[in-house]
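# Structural overview for review
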Amino acid sequence: MELQILLSIAAILFCVGIYGVISRRNAIGVLLSLELMANAVNLNLVIFARYGDGAVGQAFTLFAIALTVAEVVVGLALVVLLYRTRHDVLTELASDLKR
Amino acid sequence: MTPLILALIAVFAPLIVATLLVIVRPLRNTGKPAAGLSVIGAVASLVASLALFWQSVTGHVDVLQEVMWLPEGGYPMATIGVQLDGISVSMLVVVSLVATCVQVFSLEYMDSETDADYGRYFTWQSLFLFTMQGLVVSPNLLQLFICWELVGLCSYLLIGFYWQKPSAARAAVKAFWITKFADMGLLLGLIVQYVHTGGFGWDDTIVAGLASAGMVNVVAAMYFFAVMGKSAQFPLHVWLPDAMEGPTPVSALLHAATMVAAGVYLIVRAYPIFLAAEQVMPVMACIGGVTAFLAACMAIVQTDIKKVLAYSTCSQLGYMVAALGGGSLMGGYFHLTTHAFFKALLFLAAGSVIHAIHSNEISDMGGLWNRMKLTTVVFVIGSLALAGIPLLSGFYSKDLILESLYEATHHDPIYWIPFIACTVTAGLTAYYMGRVILLAFFGEESEKVSHAHEHGLAMSGPLVLLATLAVFAGFGGGQLGHLYGVHDYHFSVLHVTPVGGLAFLMALSGFGGAYALHTAGMGEGLKTSLVPLGDFIKSGPVDRIWVAIYRQVLHGVADALGWFDRYIIDGLINAFGAWCLNFGEQIRGMQTGRINDYMHVVLMAILILAAVSQVWLRMGGA
Amino acid sequence: MLFAGLIGTSAALLLCAVMVATTRNLVHCVFWLAGVLLLTAALFVMLGAPFLAGIQVVLYTGGVITLMLFGVMLTQRKPDTEVPMDSQRKGPAAVTALAMLCVLLAAIWETPELAGMTVSTQQIGATEVGQIFLSTQLLTFEVLSVLLLSAMIGAIVLVRKTDP
């Protein structure tokens, strides 16, 4: 019961992240919402670590954190590149593949 | 030589020539050598036919050789082959003889054409001879139908020989159209016959099969419809005058002697079927009689010599059809033979005149007797034969027809119609031929005639030959009767009967009338009072009706169908295509280019997958 | 007691998260994210992962937030940027998010195995995690380091100014 409540909290966090990713126009806003989703995942892992094999669970969480950080780094590099060409970072400016 | 081999030579020699000339274009374009080749083919056919005829007369030829053609379940559905008996053998001779005369005549008649056209003309002539001979030897109606259509094709090609002339091209199409329309009857008749009897022949089993199915009259009526088209019976006669656009030798061969006779030949061949169709026979006779009378009326008012002869042909075909309708096979077939000779003679003589003065109109002629004696003599002989003057060939055949019609009136009074029509027409025939002779050959010499002169042997020879036949062919009546298998015909040279006497009287009065009106200058009042009638007849009322039907009805239906095809059928397809394109355009809108939307799609996919797996798990899936 | 703390922190966490997803002002958004991350660290502590909480604070709140702030700074069009929210996508986004939530909640609450799981009494600290890294998960550890290296190099290569 407690487990399920905690998992629900992580799930809600994840869905808030989804809402943000889809609806934000600014690229950095999208990245921030993406962070929320990643965070929810980490939280989920830690919750399960408490109820199962804790060490492996936390190690897994550490991996996830490291990966997320790497992804943020590259993502921001791309955002900076986008800014250089368009002088603004709205996502619709990166839509050259349309048609 | 066996009859079969002779028959094959008679049929295929012209085909070999025709194929050679069609395929090898340089040969065709040489002109005179191509013509020579064609004549050789015709002569070969003629010699073979004469040999066959000789064998028939001295011995007895009855050959039926068939080859399976369309297989159906192990049995032949249709066969093609050769049937040689008295009827087909005599027709082989008639066709090849007239064809040879015409081809030889054409050697000189057509010599003003270019070499290429000259070669083309003889190619089609050879092809026609093959198709006609093939028709004659057909053992069943299916092969006859095939050759019938091929003959129609050759007619089209030859009528449209001067295709650069719009009137000639239209005439060719008109002939083809009308005969094709009538041929639907033959096709439908074949289908009905096959459905009910499983065969295409005309022997007793077929007749019995049709009778038991109650279809004899239907089938016979359908076949007669096709005959009406091919043999120019009223009201489908309208193509024959237009067919005169073709070269005159073509008119002589196809539209006097042979092709138009093919209809009569069909009736003769399939006579057992017709004899059993008691309701169709009187109709045939009446239509024949009406055709004979109306066509003769139209011939009276024509100014073009070829048109006079064309209507005359139409009229004589009416005689043959009436005879066959009256139950006299001998009458119809004998007249076909004699008519072939004297009508071809008349046409070729007319051709001789046309070639000399370069005009078809009677008004341009006059006093030809002074310049072209041979032509005048043979033309007169042909006219006398046509009118049925005693001792000439036409007399015996025409009298036979009238007598058999008179006989028929005894057991069915409806036959009075064709009898009276044909008898009166005898007088009209003499009248219009007399008119032509008096106006064209006698009287004052016209300006064009003063430059006219007789032609060479190539043109004169056939004229003499045909004239001889026109005189003497009638005496072979008894022998022909035996050949045809007719046993109640007794030929006698001095054939005197009341009917015959009446016919002779009509002929004399016809000639007398012609003389009175055109030479002696009598009856001016009569002439002027009949002018409105003459003009009406000349305007071709039946033709105008057909043209109106063609233009308004046929084109109207075609336009309506075209509209339906363009707007409804094509419209549906185009609408579907447009909808597809439109739909594609709308779907394209999904590609916005924004990564948010793409992520949205991915998330939705994951969502659906998760939902499905949850449902599946709940439902107890593994 | 612990449970009440969990619930309270979670509530605050979710509040901050909603602000992250909806704030117009980008800088405010970054700070709300900082809040989320810190509260997550607190949750980690309450869930018995103190080492991880430390990592979370250092890496995420320290590193990622700083990076984001720099990013915002470097890419603003005018000071104090107003980020207009796309009105066309709010509806579908909400729908998808709610749908996903339903599916996830269904998964969580309908799986019978989850009801019976109990808390493990282990105390996990840095030592235990480190031992895992250097024994059973050694390969992953090494690969991760390579990954981080390549991410760094990649980022540098992407944004360097090439001399003309």
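Read on for a plain summary of the structure.

## Describing the overall build of chain B
- Scanning chain B for helices and strands turns up 26 helices and 2 strands.
- Going through the 622 residues of chain B one by one, you find that 51% of them count as buried.

## As for unusual backbone geometry
- Geometrically, the link from B:Phe234 to B:Pro235 is a cis peptide bond, its omega value of -5° lying close to zero.
- Inspection of the secondary structure puts B:Pro235 in the loop between helix H9 (216–230) and helix H10 (239–242).
- Even without being a glycine, A:His87 presents a positive backbone phi close to 60°.
- Its 10 C-beta neighbours within 10 Å are what place A:His87 among the exposed residues.
- One non-glycine residue, B:His358, lies in the positive phi region at around 60°.
- Mapped onto the elements of the fold, B:His358 is located in the loop between helix H16 (329–357) and helix H17 (368–371).

## Some words on the interface of chain A and chain B
- Contacts between chain A and chain B engage 12 residues on the former and 9 residues on the latter.
- Top contributing element to the side of chain A that touches chain B by residue count: helix H1 (residues 2–23) of chain A, with 3 residues.
- Taken together, the residues of the side of chain A that touches chain B break down into 6 nonpolar, 2 polar and 4 charged.

## Focus on the interface of chain C and chain A
- Contact residues are listed per partner, giving 74 residues for chain C and 58 residues for chain A.
- Here the side of chain C that touches chain A gets 12 residues from one element, more than from any other, and that element is helix H4 (residues 90–110) of chain C.

## Some details on the nonpolar core
- The biggest cluster of nonpolar side chains holds 207 residues, and the ones touching the most others in it are B:Val98, B:Ala344, B:Leu345 and B:Ala470.
- Considering each element in turn, this core owes the most residues, 19 residues, to H16(B).
- Setting aside its immediate chain neighbours within four residues, B:Ala470 contacts B:Phe341, B:Phe342, B:Leu345, B:Ile381, B:Gly382, B:Ala385, B:Leu392 and B:Ser393.
- A:Leu36, A:Ala59, A:Val79 and C:Val72 belong to the second largest nonpolar core, which has 75 residues in total.

## Here's the deal with the environment of A:Gln4
- Inspection of the secondary structure assignment puts A:Gln4 in helix H1.
- For A:Gln4, a count of 18 C-beta atoms within 10 Å corresponds to the partly exposed category.
- The residues contacting A:Gln4, other than those within four sequence positions of it, are C:Ile108, C:Trp109 and C:Leu114.

## Here's the deal with the environment of C:Phe133
- You can see C:Phe133 is positioned in helix H6 (residues 126–134).
- Residues contacting C:Phe133, with those up to four places away along its chain left out, are A:Ala59 and C:Phe141.

## Considerations on helix H14 (residues 280–300) of chain B
- Taking 1.5 Å per residue, 21 residues should reach 30 Å; H14(B) reaches 30 Å between its end C-alpha atoms and fits that length.
- The buried count for H14(B) comes to 15 of 21 residues, which makes it a mostly enclosed element.

## Thoughts on helix H8 (residues 204–213) of chain B
Residue and element names in this part refer to chain B.
- All buried positions along H8 are accounted for by Ile206, Val207 and Leu210. Seen along its axis, H8 keeps its buried residues to an arc of 95°; they face one direction. Of the exposed residues in H8, those oriented more than 90 degrees away from the buried face are Asp204, Thr205 and Ser212.
- Structurally, H8 contributes buried residues whose contacts are with helix H7 (166–197), H9 and helix H13 (271–276).

What counts, and at which threshold
Residues numbered from 1 in each chain as written. Chains lettered and ligands numbered in written order. Predicted model: local features only at pLDDT ≥ 70, side-chain atom pairs only at ≥ 80, totals over all residues. Helix = DSSP H or I, 4+ residues; strand = E, 2+ residues; numbered from the N terminus. Buried ≥ 20, exposed ≤ 12 C-beta atoms within 10 Å, placed from the backbone. Contact = placed C-beta atoms within 7 Å. Nonpolar A, V, L, I, M, F, W, Y, C, P; charged D, E, K, R; others polar. Core = buried A, V, L, I, M, F, W, Y, C linked by C-beta atoms within 7 Å. Expected span 1.5 Å × (residues − 1). Arc of directions from axis to C-beta.

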